[in-house]
Amino acid sequence: MTTPTRDSIISRVVRILSCFDRKTTALSLSSLARRSGLPLTTTHRLTEELVRHGLLERAGNGDLRPGLRMWELASRASPALTLREVCRPFMEDLQATVRQHVTLAVVDHGTALYVERLSSPASTLDAANIAERMPLHASSSGLVLLAFSNPAVQRQALEAPLEKVTPETVTDPEALRRQLADIRQKGYSAPPGIGRTEWIGVAVPVFGPGEASQRPQIAAALNCILPRAEAELVPRVVPALTTAAHGMTRALGGAPGA
């Protein structure tokens, strides 16, 4: 009989910290053990250490929640922080023009990770929040990131299992390759309903500096979220997005239209 491989301590800590999300900001010790799949005694021992180092803290009722020390460590040298600082002024100008949710996403571990979002009070759409992830093939930002990534990243994404998030999510690799080629040709992505049935994400690439003698590398995807019923706004939103993305690219040291 094969003995199951034991997780390392770091893996177990990651399992505990990954239990928290926007809807679950605090958990009891027993709930944390259940969610992480770890024994209660192990969860208790590790959470005591995490509390001691400030990575977790106790709420007034004794529940556990992420501590400020996590935010401090993550913010010290994160590339996402620099990206947000550079891009946010352009996002503010863009939102003043389009008056919709505006987001910024990067590729991280095979997903589109949203690192910034400016919300529109007028919009009822609630998704693409900061630190939320979406599959690359099931979001307009993800498709743009994938379309302008190097072939190795594209190949890895298209060879992985492709989840059908909504009935309109494209999961056929060949169809996705054609879609990515179309995005590169047009310079933007605006597929309706592939990640959330009720919206259209309109995304364009933001480029950073590349290596010498190589084309600039994609740094992020800039996205505007429209209600699906307002699809006629897409042609008006694309120029505003492109202008903002070109400004971000220049500020990052890349070349617009790479």
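Each remark here, short or long, concerns the structure printed above.
Below is a short write-up of the structure. (Residues numbered from 1 in each chain as written. Predicted model: local features only at pLDDT ≥ 70, side-chain atom pairs only at ≥ 80, totals over all residues. Heavy atoms only, no water.)

1. A short note on the sheet that holds strand E4 (residues 111–118)
Filter applied, for reference: Strands were regarded as paired on the criterion that DSSP finds at least two bridges between them. Secondary structure elements follow DSSP: runs of H or I of four or more residues count as helices, runs of E of two or more count as strands, with numbering from the N terminus. Note on geometry: axes are lines fitted to C-alpha atoms, helical ones only across the stretch in contact, with angles between N-to-C directions running from 0 to 180 degrees. The criterion used for residue contact is that any of the two residues' heavy atoms lie within 4.5 Å.
Ordered in space as E5-E4-E3-E7-E6, the 5 strands form an open sheet in which the pairing is antiparallel. Here the strands that pair on one side only, and so sit at the sheet edges, are strand E5 (133–135) and strand E6 (199–208). Taking each pair of neighbouring strands and ignoring which way they run, the sheet shows an average axis angle of 35°. Note that E4 and E5 share 3 bridges and pair antiparallel. Note that in E5 the partner of Thr111 across the bridge is Pro135. With respect to the sheet, helix H6 (residues 140–147) is in contact with strand E3 (101–108), E4, E6 and strand E7 (217–227), its orientation differing from that of E7 by roughly 155°. Packing of helix H9 (residues 234–252) onto the sheet brings it into contact with E3, E6 and E7, and relative to E6 it is tilted by some 25°.

2. Quick word on helix H8 (residues 173–186)
Side chains of residues three or four places apart in an α-helix project in the same direction, reflecting 3.6 residues per turn. To be explicit about the condition: In this analysis, the expected span of each helix is defined as 1.5 Å times one less than the number of residues it contains. Three labels apply to residues, based on accessible area from a 1.4 Å probe with only protein chains included: buried if under 20% of the type maximum, exposed if over 50%, partly exposed otherwise in between. Here, the arc refers to the directions that run from the helix axis to the C-beta atoms.
With 14 residues, H8 ought to run about 20 Å at 1.5 Å a step, and its terminal C-alpha atoms sit 20 Å apart, in line with that. Turning to H8, its buried residues are Leu176, Leu180 and Ile183. Looking straight down H8, one finds its buried side chains confined to an arc of 60°; they lie on one side. Within H8, the exposed residues directed more than 90 degrees away from the buried face are Arg178 and Gln185. Turning to H8, the residues buried within the fold contact H6 and helix H7 (151–159).

3. With respect to the pairing of E4
It is a general feature of regular strands that their side chains alternate between the two faces of the sheet. Among the 8 residues in E4, 8 count as buried, and that is most of the element. Pairing between E3 and E4: 7 bridges, direction antiparallel. The residue bridging Asp108 from the neighbouring strand is Thr111, located in E4.

4. As for the pairing of E7
Of all 11 residues that make up E7, 8 are buried, and the element is covered over most of its length. Relative to E7, E3 runs antiparallel, the two being bridged by 5 bridges. Along E7, the bridge assignment pairs His101 with Ile225. Relative to E7, E6 runs antiparallel, the two sharing 10 bridges. The partner of Gly208 across the bridge, within E7, is Gln217.

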